[in-house]
Structure formats: structure tokens, C-alpha cells
Amino acid sequence: MPSKPYDPKEIEAKWQRRWEESGVFHAKQDFSLPPYYALIEFPYPSAAGLHVGHGRPYTGLDIVARKRRLQGYNVLYPIGWDAFGLPTENFAIKNHVHPELVTRNNIAHAKEQVQALGISYDWSREINTTDPSYYKWTQWIFLQMFKRGLAYKKEMAVNWCTSCKCVLANEEVVGGVCERCGHEVIRKTKSQWMLKITEYAQRLNDDLDGVDYIDRVKSQQRYWIGRSTGAQLRFATTAGDDLEIYTTRPDTLFGATYMVISPEHPLIDAWKERLANFAEVEEYRRAAQKKSDFERTEINKDKTGVRLQGVAAINPVNGAEIPVFLSDYVLISYGTGAIMAVPGHDTRDWEFAKAYGLPVVEVVVGGDVAKEAFTDCETGTMVNSGFLDGLTVDEAKKKITAWIAEKGIGAEKVNFRLRDWVFARQRYWGEPIPVVHCPHCGTVALPEDQLPLQLPMVENYEPTDTGESPLALLTDWVSTTCPQCGAPARRETDTMPQWAGSSWYFLRYCDPNNDAALASKEALEYWMPVNWYNGGMEHTTLHLLYSRFWHKFLYDIGVAPQSEPYAKRTSQGMILGEDGEKMSKSRGNVVNPDDIINAFGADTMRLYIMFIGDFEKTAAWNSASVKGCRRFLERVWGLTELLTPGEGYRPAFEGEFHRAIRKVSLDTEALKHNTAIAALMALLNGIYESGSITRGELKTFLLLLNPFAPHMTEELWEQLRFGGRVTDQSWPAYDEAKCTEQTIEIAVQVCGKLKGKLVIAADLPEAEVLALAKAEPKTAEAIAGKQMVKEFYIKGRLVNLVVK
RNA sequence: GCGGCUAUGGCGGAACUGGCAGACGCGCUGGAUUUAGGUUCCAGUCCGAAAGGGUGCAGGUUCGAUUCCUGUUAGCCGCACCA
């Protein structure tokens, strides 16, 4: 009988040690068992360590993992470290410590913090993206892409962070500044490694239909991929060349009164000789070139442009000669870099037309094009459109697209907003790109037997001012020979972006020590796809999209067994500071999990972070409320004082327990850990009211609570000599029939207003219930002398009598 | 501007498929224990004396609406000239 007080410090250290020593949470190699793969996004080991927010997803899925193990599943719940990248490198430079050492220290600290929470990770499968035996396979995947033309080098304008001295992916530029450091991002033309994610755009979009992701993730990914259907068609010009455009509104072709091309459009140079105002055009192009994308967006609230003098386009439907403009509101990177402008039915074209005094023609009836563009496609009818007049927009689209095809000037076309992925960084702390530049053979892949291409240990890893990677300064490393012809050659000096290592890490967990493949076929077939993946919303258009792309590629080359890596995706809400603001060092509102664990214990910490509210919603930390969870655990600890013999449930509690088992079982699968805990609290209150608990009841209670508070439940189980350990037990079963109550309380309403209550047998026939309801004193008074219109009995809920 | 989400007591939050709004916890009030504070235990706690009224606001559908529909306000997140 434990009469000593609840001491989480001692208990938690003891059980964490035992779990580690016994390896009880290691996924089993027995592939005949039913598998369950739960995954959280592996953390970035930053110098600041973890804050309480990290505990939310870790604990949330830990509860699922622990429960699934008790249910007999072979559970894989792993963790590792996404350790390459700029924060570590910047920290290293600032403090004059090598990034490798910084990484090692940060991991050691973060690992202690995670372990203090008592998460049931399989530490035998811990991985680290900076480990050569890991990035060997990151490089290997890159080479497979390179060999199939999906990794290519291209001279292009890129986002350049002026502070990090490094290119950024489009996804990493937020509001015109670097997502990571907040400094200005400008355009810079550089030769860059790219990955052809656009080749997978259609599948990345369509395959969302087959996976169980929360809606906001799906809709954000769909929006980012940006699939649109329209038509691509050629306008003849007075210069002889055709000008090709893309439009989603081919129906408005009769309303096209001018054309606009992007400043970077190649036809401008071809037309140089014909352009009377080429100097002015050049001036505009130079100005546009200098601006960052963000400035271009900002400044062009007011549209600017230059009319090309000397070239006009011909509208194919009516032969009208229309002017061609150059404006930076048209982007070279989307569609064909040129548009037909329909000011009557496109807001941007309308604004431009107003600014330059261009005619506005109404071709869809429904708005007032003199006041603003009418962009609705649902309701309008075509006018001023020759053979399209009188049709709906949809009908007109079909007819004109057929007409365009018939004339041989264009066809229906699908476009995507998604761009190829800029896959190189001019920094030190990343995976070296395993290729060699040979003056004779061009860019040559390193033979696979030379992987991993190790990142050289260097003294100086600071970014250069030339825009090259610091690796470029290592003459000995850079100088090599061509694997194909043996001639002197240079190594690629750019490294991979941080997103590389995380694009496939979930595969490595399946078989983390394999040296012959990224993971064995058997292991992948057994574990994949991930059953449940939880992570932050901020990764929706980055890591989550990138890793789906890599996985589809690996599927195509026969490495991955399915084309989608994650069967289910959820996302935790952010934990804000006590002041309701985002936790940050500068605000001084960061709550450190170590402090909470010291003061209350890990079980209380786990319970509170789950009890704080809806898992998916943002929640503010509240230190004052934590003690409620500690109190609950103290009361559970005190149950031993109420213990009476008996292995079964007492009759009065049988239903209570069956309902609690059902509630906790279902709520945890729905990630509603808060209401599961509330149900356990309510059950505990009932037990205290009754003054006792049987051994059988306490066993069930401890099993239900175990996923939430694993340390104290194990300790009680052991002290009470319940036999074995909780981790060896089975999750309690419930009987649906025993969940229903015999007698129930129902409400009696008159015209929807509550009048009284009735305690009746659950299966009492409707007629008898209605009779009892009418006899209920308050109700009888309310219906006296009135005419009964209708009577409702909602079984087990209420009676509503409608009178007049 | 576009896309998505949210709004419930003093606070965090519950509420199945349209069926008793406020479960559970914090806080607060009163009482018991204690020299006292803390802890623990008991009782109470949406507003209102009551009738009644209450889920951001205004309508609608319904016997019945926190839940469905229309409009509107406020806030959060994402995207931002994608033709």
C-alpha cells in the first residue's frame, strides 16, 4: 500500500530509466504483427532548446502510440534531428564554434528535454540528417533525380537574402523578406540547381483526394499548386511573329482590346529594330529588373507600363489591330509571359486601361463595366461577341475553345502556379551536391560507390561576398578528376537546402542502419505509409509538399511501395505565451518545459498540455491552471486508500466504466485528448463520491490513464502488485450494450420551453412517456385548457408538447 | 483583394447526426480542518429577487438552432498582379 506522498521526480526518473533499459518501446522486427506508424515532425535542434509548444504534438501522438501498443499493434514511433541549416551555421559563426559541435550540443540538450517528458520514442532508431551515413542517401536520391533530368541547373533570377548571403526558395520568402532572418530579399541572376517539382504538379494536386489530411492542409496545398484550366492561343502581330498568351477566360476574347507582355519577354529583343521607342522600353525593363518581387508587387498598386510603338497585335476573332504594352504586372514565370487584356472583365486589366485611356468593351452582361470590371463567371450572358452572343460564360468557353482549335491557333491548356524548386544554397552547413563539373563532359554525377560525399571539415565556414559557397575556397576539395574521362574537374560547391534531409526521413526510420539501401524493401512494405503524421501548418507548402514530391519520385523508380507517404495528416495549434502572444525570447514569455516538469512533474505537464483545449486550435499557456492537473493526479494517487477487494466492476459503476472506456478510446483516436481527460476526471469524482474502488476498477482506471500519465500509472500498478507492467497489459474493452443506461432523465418542454424533468426507464414506450410528461405538474399547468397541436418524443432526450 | 478558420460564463474550454447550453478544469464565495498561511475536504458559482433572458450582431428555416441558411461585424492564419 503506498501511503507515501506522490513524488513525481523519483517516480519519473525510475520509469524512464526502466523503459530505456528494457527497450519496451522499440518497434519489433516481427512483421507478422499489425503495424502502426505514428510520426511527428522531427525537431530542429536549435540553441534555444524546446519550449512547451513542442510537447503538444509529441505528447498528442505519444498517447495514440501507447494506446495502440496496448491494443496489440507493433508501433513505430520514432524521432530524430533535422540538423543541417542556417540557424546552426549562423550561431556557429557568431560564437566561433564549429557547426558540427553546435549541432552535437544542441541535440544533447534537446534530447534530454524530450526524454524528460517520457515520450515513448524508439530511441534505437534515432536519426540525424547531418550524419554521413544518413546524407549518403539524401545524396543518392538527388543523383537518381539528376540522372532522370529532374535535377537541373538553370541561369535564372532568384531570391537572394542580403543577410544570409544565400538564395531562397519561393516558399522561404515571406512578405518580401527572408523567412528566417527577416532581412530584405532581392532578385539576383544566378545559375542554380533546380528540382522539377512542376512535373509532379498534377499528381500532387489530384492525389490529395485519396489521403486523409485535414481540410485546411488540402486547400492550402491545392492553392499553392494552383491548377487552372484555360486556353493557350496565338495572336498574329504586325511584326510577323505570333504572340502566344494563356487565358482562363477565352470566352472574353471579343473584349480583348490590348495585349500586355512581361518586361522579360523574349520577343521584345526580337522586335528591337521595329520599336520606335526602344530606349523607353529598355529603361522600363531596367527599372523592373532592379526591383525585388516584393517591390514590384508593392509599387504596382498603381499599374505602370510602356506601349510598344511599331508593333500591334491582331485579335483573331474580329481582325482588330490592338496595341501591345509592356508591364511588370505580367509575370514571365507564369503561362507564356503574355496576356490578352480584357478590361471589362478583369480587375487588373481594367485598372491599366483606366490609367492609359484604353477602350473597355463589355462582352458579358451583368455588371457595369464603366465603374468596375465584371469578373463573375457564374451568372452573365455573352454580348458584343459575334457567334458567342446569348451564350452563358461556360457555353462560350467551350465554343470558343473549339473555334480556336479549329483555326489551328491554340488549344485548351492547364497551368499551375507551382514553380520548380530552387535546390541549392551557397552555405557550408548542408549536404554537398554530389556532382563534378568537367570541361569535357559537362556536369557529371559522382558514382554511387563514392557516396557519401562528405562535407569537409574546415576552419572557415563564413559566407563569401561573391555569392559562392564557402566550399569554393577549399581548392584541394574542389579540385578533383572527372569520373567519366579522368580529366581535371571541379566539384560542385553549393550545398542542398535544409528541406532535403527532411524530404525522406520517415523512410529511414523503417530501417535506420541499412548501408545497402535507404531502407530495405521489406521494411518499407511493412511500415509504409505513415498511418498518422502530425506537424505544423507552416510546413504545408514546404516540407509537406516537398516530401510528397520526393516520395512520388521514389515510388516511380520502384523504391517506395506507395505513391503517397502519409495516410493521415493533422496539425497542432500553437501554444502562445501567458500574455496571449507568440512565445519568443525577445518578448520574454517563453515557458520552458523543464521548469514545469521540475515544479509539477512530467505527468502533470503532459496532462495539462493535452487538457489545455482543442488540439488543433491555438491556446495560451496558463500557469495557474496547471495545478488542476496535478490535483487530479494526487487524487488518483489517493485511490489506494479507497481500495476494496474485487476484480470486477460494482453494478453501480459497470456502465460508468464501459462508457469511460468507450469515450477515452474514441476521443484519443480523434485527437480529442482534452475531453478524454475530462471524462476520466468525472469518473474519478464519481468514485470518490462512492467512497471506494475495487481492484478491477482501479486496474481499468490506470490503464485508461496510462497513455496520458505513464509514469505514475506504472508506479501504482507496481506498488499494488497488479502483476507485470502496464506496458504488458491489454487496452480495456468495452461492451456497447453495457454503455446504455437503464434509467434516464429526460426534459419536458412545452412549445420548446423547458418545463420539467422526468426520470424514466430507458426503454419505456413512447405513449407512456408522453402520458407521464403530461402529468408532470409544471407541464400539466402549462398545457391546461390548451389545444394539443403536436407531440414529439426524441428517445432518451426530451418530450416537446406543442399547444395553442 | 482572394482562400481558409474562429467568436459560448470572470478565464481555458464542453455540447452526438438539429434535441435539457455551460461537461471538465482554473478562479471566486461561504464553511470545516489548521496557531496562521498553504494543503485537503464540504457546499455554491451564466445573468436575474422572480417571471424570464442568454452562445459576436441582424434576419430566416424548424415543434425545437451554439449547431443549418442569408447578411453583417471583429479577430486569426495562409496567399498576394498566377491572366
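Residues numbered from 1 in each chain as written. Chains lettered and ligands numbered in written order. Predicted model: local features only at pLDDT ≥ 70, side-chain atom pairs only at ≥ 80, totals over all residues. Heavy atoms only, no water.

### Quick notes on the confidence of the model for chain A
For chain A, per-residue confidence averages 91 on the pLDDT scale, and residues scoring 70 or more make up 98% of the total. Confidence metrics for the complex model read pTM 0.93 and ipTM 0.94. (pLDDT = per-residue confidence, 0-100.)

### Quick notes on the packing of helix H17 (residues 593–600) against helix H19 (residues 623–637)
Packing of H17 against H19 brings their axes to within 11 Å, and their N-to-C directions diverge by 45°. Relative to H19, the element H17 is oriented oblique. Judged by the twist between their axes, the crossing of H17 over H19 is right-handed. For the pair formed by H17 and H19, the contact residues are Ile596, Ala599 and Phe600 on the first element and Val626, Lys627 and Arg630 on the second. Counted by class, the contact of H17 with H19 contains four nonpolar, no polar and two charged residues. (Axes fitted to C-alpha atoms, helices over the stretch in contact; angles between N-to-C directions. Helix = DSSP H or I, 4+ residues; strand = E, 2+ residues; numbered from the N terminus. Parallel < 35°, antiparallel > 145°, perpendicular 65-115°, else oblique. Left-handed = near helix turned anticlockwise from the far one by under 90°. Contact = heavy atoms within 4.5 Å. Nonpolar A, V, L, I, M, F, W, Y, C, P; charged D, E, K, R; others polar.)

### Description of the environment of Gly226
Turning to its location among the elements, Gly226 is positioned in the loop between helix H7 (215–225) and strand E11 (228–237). Distance from Gly226 to Glu741, taken between C-alpha atoms, is 52 Å for residues 515 residues apart in sequence.

### A few points about the packing of aromatic side chains
Within the structure shown, the criterion is met by 42 aromatic pairs. Ring plane angle 75° and centroid distance 5.4 Å describe the contact between Phe142 and Trp193, whose orientation is recorded as edge-to-face. With Phe142 in helix H5 (residues 132–147) and Trp193 in strand E9 (residues 185–195), the pair connects residues that are 51 residues apart, well separated along the chain. Aromatic rings pair up to connect Phe142, Phe146, Trp193, Tyr200, Trp421, Phe423, Trp499, Tyr546, Phe549 and Trp550 into one cluster. Positioned above the aromatic ring of Tyr73, the side-chain terminus of Arg68 is 4.7 Å from the ring centre. The cationic tip of Arg491 hangs over the ring face of Trp477; the distance from NZ or CZ to the ring centre is 5.5 Å. (Phe/Tyr/Trp six-rings, centres within 6.5 Å; stacked < 30°, edge-to-face > 60°. Lys NZ or Arg CZ within 6 Å of the ring centre and 35° of its normal.)

### Quick notes on the packing of H19 against helix H21 (residues 673–690)
Relative placement of two packed helices is described by the angle separating their axes and the distance separating the axes. Contact geometry for H19 and H21: axes closest at 11 Å, N-to-C directions at 45°. Taken together, the axes of H19 and H21 lie oblique to each other. Our pair here, H19 against H21, has a crossing hand that is left-handed. Across the interface between the two elements, Phe632, Arg635 and Val636 of H19 pack against Leu680, Met681, Leu684, Asn685 and Tyr688 of H21. Its residues assigned to classes, the contact of H19 with H21 shows six nonpolar, one polar and one charged.

### Description of the sheet that holds strand E2 (residues 74–76)
Taken together, the five strands give an open sheet; going across it, the order is E2-E1-E25-E26-E10, and neighbouring strands pair in parallel fashion. Here the strands that pair on one side only, and so sit at the sheet edges, are E2 and strand E10 (212–213). By the bridge criterion, two bridges tie E10 to strand E26 (residues 568–570) in an arrangement that is parallel. Within the sheet, the bridge partner assigned to Asp212 lies in E26 and is Lys568. (Pairing = 2+ DSSP bridges.)

### Things to note about H7
Within the sequence span of H7, burial applies to Val217, Lys218, Gln221 and Ile225. Projected down its long axis, H7 carries its buried residues within an arc of 95°, all on one side. Those residues of H7 that are exposed and angled more than 90 degrees off the buried face are Asp215 and Tyr223. Residues of H7 that are buried make contact with helix H6 (201–206), E10, helix H16 (543–556) and E26. Count one or two residues on from H7 and you reach Gly226, which has phi positive near 60°. (Buried < 20%, exposed > 50% of the residue type's maximum accessible area, 1.4 Å probe, protein only. Arc of directions from axis to C-beta.)

### With respect to H19
The end-to-end C-alpha distance of H19, which contains 15 residues, comes to 22 Å, matching closely the 21 Å that a straight helix rising 1.5 Å per residue would cover. Buried residues along H19 sit in contact with helix H1 (8–22), H17, helix H18 (602–611), H21, helix H22 (695–705) and helix H23 (710–719). With a side-chain oxygen lying 3.0 Å from the backbone nitrogen of Ala624, the N-terminal cap of H19 falls on Asn622. (Expected span 1.5 Å × (residues − 1). Polar contact = N/O pair within 3.5 Å; in protein donor to acceptor, adjacent residues only side chain to side chain.)

### A closer look at a positive patch on the surface
Where like charges cluster on the molecular surface, the positive patch consists of Lys753, Lys755, Lys778 and Lys786. Note on placement: Lys786 falls in the loop between helix H26 (777–783) and strand E33 (788–794). (Patch = residues over 30% accessible without salt bridge, like charges linked within 9 Å, V, L, I, M, F, W, Y side chains within 5 Å. Areas by Shrake-Rupley, 256 points an atom, 1.4 Å probe, with all protein chains shown as cover. Salt bridge = Lys/Arg side-chain N within 4 Å of Asp/Glu carboxyl O. Lys, Arg positive; Asp, Glu negative; His and termini not counted. Charge placed at Lys NZ, Arg CZ, Asp CG, Glu CD.)

### As for unusual backbone geometry
Note that the residue after Leu451, namely Pro452, is joined by a cis bond; omega there is 0°. Cis rather than trans, the peptide bond between Met528 and Pro529 has omega equal to 0°. Relative to the helices and strands, Pro529 resides in the loop between helix H15 (521–527) and strand E25 (532–534). If you check the backbone angles, Leu671 has positive phi at about 65° while not being a glycine. As for its placement among the helices and strands, Leu671 is situated in the loop between helix H20 (651–669) and H21.

### Description of the pattern of salt bridges
It is possible for side chains bearing opposite charge to pair when their charged atoms get close. Using the criterion set out here, one finds 41 salt bridges in the structure. For Lys67, the salt bridge goes to Glu669, with nearest N and O atoms at 2.8 Å. In this pair, Lys67 is assigned in helix H2 (residues 52–70) and Glu669 in helix H20, connecting sequence segments 602 residues apart. Accessibility expressed as a relative area gives 3% for Lys67, which makes it buried. Among the ionic pairs, Lys663 bridges to Asp667, the shortest N-O distance being 3.1 Å. Taken together, the residues span about one helical turn, with Lys663 and Asp667 both in helix H20 at a distance of four residues. Among the residues examined, Lys663 registers a relative accessible area of 36% and is labelled partly exposed. Residues joined by salt bridges that share partners form a network here, namely Lys14, Arg18, Glu715 and Glu718.

### So, the nonpolar core
Counting 88 residues, the largest nonpolar core has Tyr37, Phe142, Trp421, Leu518 and Trp550 as the members making the most contacts within it. Per element, the largest residue contribution to this core is nine residues, and it comes from H5. Setting aside chain neighbours within four positions, we find Tyr37 in contact with Leu76, Pro78, Phe506, Tyr509, Cys510, Trp527, Met528, Pro529, Val530, Asn531 and Trp532. (Core = buried A, V, L, I, M, F, W, Y, C linked by side-chain atoms within 4.5 Å.)

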